[in-house]
Amino acid sequence: MTKPIIGITGNERPHPDTTIARLSYTSDGFIRAVEKVGGLPLVLPIVDKSLAAAYVDTIDKLILTGGQNVLPQFYGEEQTIDSDDYLLERDEFEIALIKETLKQGKPIFAICRGTQLFNVVKGGTLHQDIPGHWQSEDANTLTQSLAVEQNSLLAKFVPTGSCINSYHHQALKDLGKDLRVVAYDPKDGIIEAIESTDNYPFIGVQWHPELIWEHEEPSLALFDFFVNQLQRSSVSSR
């Protein structure tokens with residue numbers, strides 16, 4: 001049986017030994033989770049945005065991973081925080097990937113930064129810095145509870161009151177076109193998950209299921225649903 005090809009966005013960081021070229025990588029949690037549920041993981045390195053269409057032609061579905069802040073120029077704001085954790089080439093390539101994936105109607109699963117960038121592509125904005133959402137505990141420690149909308153795809157796998165890990169200091173502010181909030185932090189209202197309102201096959205979460213799927217059944221169920229059940233849309237979206 002042919003396995004669905006799951007594109008997983010990669011990242012770049014300097015090698016600890018600065019005499020060696022930059023590293024191109026992704027968290028192995030994405031690779032192992034996709035493999036576990038029967039998908040064929042394919043890491044997409046950061047390349048020129050002109051190659052985005054060729055990559056989307058190759059894959060069946062796209063996972064947008066976490067990482068750097070999204071440059072605020074892409075949502076019409078000035079930078080208001082003291083940070084150099086940005087990568088223009090990554091933003092440009094992944095924006096092109098998202099637009100082409102939407103055009104082709106292929107499913108998208110977005111995590112943390114990926115959810116933020118998807119919201120920006122759809123015309124939304126971000127909070128550049130929020131308190132209380134970067135845990136000091138290790139990733140297997142679930143530190144935050146969720147309020148989940150019952151009438152959502154997410155609720156089939158992650159019931160309200162579930163606990164998650166939390167590693168984000170930016171968050172969604174204004175929602176983009178054709179998106180709705182399906183989970184939030186009941187303490188401060190910070191958005192923790194979004195879905196489409198136009199039936200486009202998309203789920204975006206702010207936490208990191210790729211770090212806990214081996215121990216938390218809801219996280220593995222999310223990957224299983226995305227890889228094996230979420231189907232390509234017959235109508236493209238922009």
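Above this text you will find the structure in question.
Remember, predicted model here, so these are calculated numbers, not experimental data.

Student: Help me understand the pattern of salt bridges in this model?
Tutor: When the charged atoms of two side chains with opposite charge come close together, those side chains can pair. This model, assessed by the stated rule, comprises nine salt bridges. One salt bridge connects D91 with R113, and the closest N-O pair in it is separated by 2.9 Å. Residue D91 is located in helix α3 (residues 88-104), and its partner R113 is located in helix α4 (residues 113-121); the two are separated by 22 residues in the primary sequence. By relative accessible area, which is 0% here, D91 ends up buried. For R113, a relative accessible area of 1% puts it in the buried group. In this structure, the salt-bridge partner of E195 is R180, at a minimum N-O distance of 3.7 Å. Note that E195 is positioned in strand β13 (residues 191-196) and R180 in strand β12 (residues 179-184), a separation of 15 residues in sequence. On the accessibility criterion, E195 (3% relative accessible area) is buried.

Student: Sorry if this is basic, but what is going on with the environment of T160 here?
Tutor: Along the polypeptide, T160 turns up in the loop between β9 (147-148) and β10 (163-164). When the C-alpha atoms of T160 and A193 are compared, they prove to be 12 Å apart, with 33 residues separating the residues in sequence. Not counting residues within four places of it along the chain, the set of residues in contact with T160 comprises L146, A147 and V148. Among the polar contacts made by the side chain of T160, one reaches the main-chain carbonyl oxygen of L146 at a distance of 3.5 Å.

Student: Would you mind showing me how to read the packing of aromatic side chains here?
Tutor: A ring pair, where both rings are aromatic, is described by two values, the distance of the centres and the angle of the planes. All told, the structure shown has seven aromatic pairs when counted by the stated rule. Between Y55 and F93 the ring centres are 6.0 Å apart and the planes differ by 75°, which places this aromatic pair in the edge-to-face class. Residue Y55 is found in helix α2 (residues 52-58), and its partner F93 is found in helix α3; the two are separated by 38 residues along the sequence. For F93, a relative accessible area of 1% corresponds to the buried category. Members of the aromatic cluster, joined through ring pairs, are F30, F109, F223 and F226. Sitting above the plane of the F226 ring, K61 keeps its charged end 5.7 Å from the centroid.

Student: What exactly am I supposed to notice about the pairing of β13 here?
Tutor: Of all six residues in β13, six are buried; the element is thus mostly enclosed. Here five bridges tie β12 to β13, and the two strands are oriented antiparallel to one another. Following the sheet pairing, V181 is matched in β13 by I194. With antiparallel pairing between neighbouring strands as the criterion, β12 and β13 make up a hairpin whose turn holds six residues, including G189 at a positive phi of roughly 80°. If you look at the hairpin formed by β13 and strand β14 (residues 202-205), you'll find five residues sitting between the two strands, and N199 has a positive phi there, around 70°.

Student: For this particular structure, what's the right way to read helix α1 (residues 28-36)?
Tutor: Those residues of α1 that sit buried are G29, F30, A33 and V34. Looking straight down α1, one finds its buried side chains confined to an arc of 125°; they lie on one side. In the stretch just after α1, G38 is the one whose phi turns positive, near 100°.

Student: Just to check I follow, could you spell out unusual backbone geometry for this structure?
Tutor: What you tend to see is this: most non-glycine residues have negative phi, and most peptide bonds are trans. Positive phi is not limited to glycine here, since D178 has a value of about 65°. Mapped onto the fold, D178 is located in the loop between β11 (171-172) and β12. A relative accessible area of 25% places D178 in the partly exposed class. Look at N199: it is not a glycine, yet its phi comes out positive at around 70°. Of note, N199 is situated in the loop between β13 and β14. The exposure class of N199 is exposed, given its relative accessible area of 73%.

Thresholds applied
- The residue numbers shown here count from 1 along each chain, following its written sequence.
- Only residues with pLDDT of 70 or above have their local features reported here, since the model is predicted, and side-chain atom pairs are shown and tallied only from 80 upward, although totals for entire chains, interfaces and linings are computed over all residues.
- Side-chain figures throughout are based on the complete set of non-hydrogen atoms in the structure, without hydrogens or water.
- Each salt bridge in this description consists of a side-chain nitrogen of Lys or Arg and a carboxyl oxygen of Asp or Glu lying within 4 Å of one another.
- Here a helix means four or more residues in a row that DSSP labels H or I, a strand means two or more in a row labelled E, and each is numbered from the N terminus.
- In this scheme, a residue with accessible area under 20% of its type's maximum is buried, one over 50% is exposed, and one in between is partly exposed, where area comes from a 1.4 Å probe on protein chains only.
- Contact definition: two residues touch when any of their heavy atoms are within 4.5 Å.
- Counted as a polar contact is a pair of N or O atoms within 3.5 Å, where, for protein atoms, one must be capable of donating a hydrogen and the other of accepting one, and residues adjacent in sequence contribute only when both atoms are in side chains.
- The pairing test for Phe, Tyr and Trp rings, Trp by its six-membered ring, is centres within 6.5 Å, and the orientation test on the planes gives stacked under 30 degrees, edge-to-face over 60, and tilted for anything in between.
- In our convention, an over-ring charge means Lys NZ or Arg CZ found within 6 Å of a ring centre and within 35 degrees of that ring's normal.
- Note on pairing: two strands pair once DSSP finds at least 2 bridges between them.
- Note: the arc covers the axis-to-C-beta directions of the helix.

Function cannot be read off these values alone, since they describe shape.
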